[in-house]
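Inside the fold
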Amino acid sequence: MARAKTLCFTVLVFAGSAGTGLAPIADGDIFWHLAAGREMLRTLAPIDHDPFSIGALGRSWIDVHWLFQLGCYGVYTLFGLRGLVLAKCALIGLSALLLCAAVPRRARPLTAAVLIGSLWCARPLLLLRPVIVSLVLVAWFFLQLERFRRDGRARRLWTLPLTQIVWCNCQGLFALGPAFQLTARKT
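Quick summary incoming for the structure in this document.

The rules behind the values
- Residues numbered from 1 in each chain as written.
- Predicted model: local features only at pLDDT ≥ 70, side-chain atom pairs only at ≥ 80, totals over all residues.
- Heavy atoms only, no water.
- Patch = residues over 30% accessible without salt bridge, like charges linked within 9 Å, V, L, I, M, F, W, Y side chains within 5 Å.
- Areas by Shrake-Rupley, 256 points an atom, 1.4 Å probe, with all protein chains shown as cover.
- Salt bridge = Lys/Arg side-chain N within 4 Å of Asp/Glu carboxyl O.
- Helix = DSSP H or I, 4+ residues; strand = E, 2+ residues; numbered from the N terminus.
- Buried < 20%, exposed > 50% of the residue type's maximum accessible area, 1.4 Å probe, protein only.
- Axes fitted to C-alpha atoms, helices over the stretch in contact; angles between N-to-C directions.
- Parallel < 35°, antiparallel > 145°, perpendicular 65-115°, else oblique.
- Contact = heavy atoms within 4.5 Å.
- Phe/Tyr/Trp six-rings, centres within 6.5 Å; stacked < 30°, edge-to-face > 60°.
- Disulfide = S-S within 2.5 Å.

Bringing a nonpolar patch on the surface into the picture now. On the surface, a nonpolar cluster with roughly 270 Å² of combined accessible area is contributed by Phe31, Tyr76 and Leu81. Within the fold, Tyr76 resides in helix 3 (residues 66-102). Using a relative accessible area of 34% as the deciding quantity, one classes Tyr76 as partly exposed.

As structure tokens, this is what we get:
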């Protein structure tokens, strides 16, 4: 009976939060990201200048989103725009599950309700952008640091440097990872 309740809760949280991301692609930036992913695969090299926009044409810069762009282009190549939207929804649902897992069991129903309600209110901001990856990685950091805080097992932390490497190559908010670690040490 307890397993069935846990499974039901997990499905409801995932579906409820993932459903908040169901919307047509409304942000044109994704097409720039897709073109960048396509260009990196075509040349088998990172992009070190902007080849697409007129305002920055040829200007060199560091592409901090290159891994996100390759991932999006891969999903788009296999599943099209619908696949990108569904992948975004899955990442939002995964984020909610990770955050719920980080709180004590008795607080999970309230946490889930607040999360789903908050995501519903924020759904116009849940665009298919690199920040969706940051949402998942913030949730992962929070879960691992909370587990470590509760039981003191250092093995909980081994994934954080690897997560940080992925995050640094997906989105500019990667500095939140070390900030979480510093905050966790002070509490």
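Alright, that's what it looks like, and here's the rest.
Considering all chains together, one arrives at five salt bridges under this definition. Arg129 is the salt-bridge partner of Asp27, the closest N and O atoms lying 2.7 Å from each other. Of the two residues, Asp27 is situated in the loop between helix 1 (2-18) and helix 2 (29-43) and Arg129 in the loop between helix 4 (108-121) and helix 5 (131-151); the sequence distance between them amounts to 102 residues. Classification of Asp27 by relative accessible area gives buried; the value is 14%. Put simply, Glu39 and Arg42 hold a salt bridge, and the shortest N to O gap is 2.6 Å.

Attention now goes to the packing of helix 2 against helix 3. For the pair helix 2 and helix 3, interaxial distance at closest approach is 8 Å and the crossing angle is 110 degrees. Compared by their axis directions, helix 2 and helix 3 come out roughly perpendicular. When helix 2 is examined against helix 3, the residues Ile30, Phe31, Trp32, His33, Leu34, Ala36, Gly37, Arg38, Met40 and Leu41 are found in contact with a partner set consisting of Trp66, Phe68, Gln69, Leu70, Cys72, Tyr73, Tyr76, Leu81 and Leu84.

Enumeration according to the criterion identifies one aromatic pair in this entry. Summarising the aromatic geometry, the rings of Phe141 and Trp167 are spaced 5.5 Å apart at their centres and angled 55 degrees between planes, so their arrangement reads as tilted. Placement of the pair is Phe141 in helix 5 and Trp167 in helix 6 (residues 159-168), with a sequence separation of 26 residues. On the basis of relative accessibility, which here comes to 0%, the residue Trp167 falls in the buried class.

What follows deals with the state of the cysteines. Counted according to the given criterion, the structure contains zero disulfides. Sulfur of Cys8: no disulfide; nearest cysteine sulfur belongs to Cys100 and is 13 Å away. The exposure class assigned to Cys8 is partly exposed, which follows from its relative accessible area of 44%. This cysteine, Cys170, is not joined by any disulfide, and Cys72 carries the nearest cysteine sulfur, 9.0 Å off.

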